[in-house]
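# Structural overview for review
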Amino acid sequence: MTSRTATIIAASCVALAIPVLALSPDPRFRSSLTATVFSDRGATARSGCATISLVWRPLPGATGYQSYVAASKGGDWRTLPSSTPCNAAHADGKTGMVDEEPAELTIPRRLFYRVVALGLKGAIDTTDIVPVEIPPRTQTGSKP
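Here the structure is a predicted model, which means the values were calculated and not measured.

Procedures and definitions
- Counting restarts for each chain: residues are numbered from 1 in the order of the written sequence.
- Local features in a predicted model are, by the rule used here, given only for residues with pLDDT of at least 70; side-chain atom pairs are given and counted only at 80 or more, and totals for whole chains, interfaces and linings are based on all residues.
- Excluding hydrogens and water, the side-chain values take into account all heavy atoms of the structure.
- Salt bridges, as used here, are contacts in which a Lys or Arg side-chain nitrogen is within 4 Å of a carboxyl oxygen on Asp or Glu.
- Helix numbering and strand numbering both begin at the N terminus, where a helix is a DSSP run of H or I of at least 4 residues and a strand a DSSP run of E of at least 2.
- A simple rule labels every residue: compare its accessible area, found with a 1.4 Å probe on the protein chains alone, to the largest value its type can have, and call it buried under 20%, exposed over 50%, or partly exposed in between.
- Values of pLDDT, the confidence the predictor places in each residue, fall between 0 and 100.
- We call two residues in contact whenever any of their non-hydrogen atoms come within 4.5 Å of each other.
- The pairing criterion is simple: DSSP has to find at least two bridges between the two strands.
- Residue types Ala, Val, Leu, Ile, Met, Phe, Trp, Tyr and Cys, when buried and joined through side-chain atoms within 4.5 Å, form a set referred to as a nonpolar core.
- Between 30 and 60 degrees the pair is tilted, below 30 it is stacked and above 60 it is edge-to-face, where a pair is any two Phe, Tyr or Trp rings, Trp via its six-membered ring, whose centres lie within 6.5 Å.
- For a Lys NZ or an Arg CZ to count as sitting over a ring, it must be within 6 Å of the ring centre and within 35 degrees of the ring normal.

### Some details on the pattern of salt bridges
According to the stated counting rule, one finds 5 salt bridges in the structure shown. The partner of Arg110 in a salt bridge is Glu133, with the nearest N and O atoms 3.7 Å apart. Taken as a pair, Arg110 in strand β8 (residues 109–119) and Glu133 in strand β10 (residues 130–134) lie far apart in primary sequence, 23 residues in all. Take Arg110: its relative accessible area is 46%, and that puts it in the partly exposed class. Using a relative accessible area of 40% as the deciding quantity, one classes Glu133 as partly exposed. Each of Arg78, Glu101 and Arg109 takes part in a single network of salt bridges with overlapping partners.

Set out below in structure tokens:
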């Protein structure tokens, strides 16, 4: 079993088209999103899928969180959990999410994640966008 991990931490703030209700954003929340990519996890992973673990810092006053993924920084954001070929996104505690995404056989794939903190009246803050590179999956059972 081969296991590769990579941890990526958001380093810059990117403006998003989300109505945010907070008067003063919390820089600790905005820069707190981390993503760890696991690939080739043997029998525990779905065939051809990479597992991405998302973790962020809690935001005081937030009543919940919504995670998003996109294929480009400015692309169409879809909420997690959502239907994917791997079909396995799920919450991992109040400030965590695990997503499974298809891994290409020969080329790396780049995805972008962000998390929105929700209050009683809607979005109150958002994390920086975190790029994640899913490495190519290895072929199993192939002969040279």
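### Some thoughts on the confidence of the model for the protein chain
When pLDDT is low, close inspection of the predicted coordinates is not appropriate. Averaged over every residue, the pLDDT of the protein chain is 77; the share at 70 or more is 68%. Counting contacts from residues 1–17, a segment whose pLDDT is below 50, to residues more than four positions away or on other chains yields 48 contacts.

### Considering the pairing of strand β4 (residues 64–70)
Regular strands place their side chains on alternate faces of the sheet. The buried count for β4 comes to 6 of 7 residues, which makes it a mostly enclosed element. Bridge count between β4 and β8: 7 bridges; the pairing is antiparallel. Along β8, the bridge assignment pairs Val69 with Tyr113. Inspection of the sheet shows β4 paired to strand β5 (residues 78–80) by 3 bridges, in the antiparallel sense.

### So, the environment of Arg137
You can see Arg137 is positioned in the segment after β10. Taking the C-alpha atoms as reference, Arg137 lies 8.0 Å from Cys49; in sequence the two are 88 residues apart.

### Thoughts on the nonpolar core
With 23 residues, the main nonpolar core has Ile52, Leu54, Trp56, Tyr65, Tyr113 and Val132 as its most contacted residues. Every element with two or more residues in this core is listed here: β2 (34–39), β3 (49–55), β4, β8 and β10.

### A word on the packing of aromatic side chains
Tallied over the entire structure, the rule returns 2 aromatic pairs. Among the aromatic residues, ring-to-ring pairing joins Phe29, Trp56 and Tyr65 into one connected group. One Lys or Arg, Arg114, reaches over the ring of Trp77 and ends 4.4 Å from the middle of that ring.

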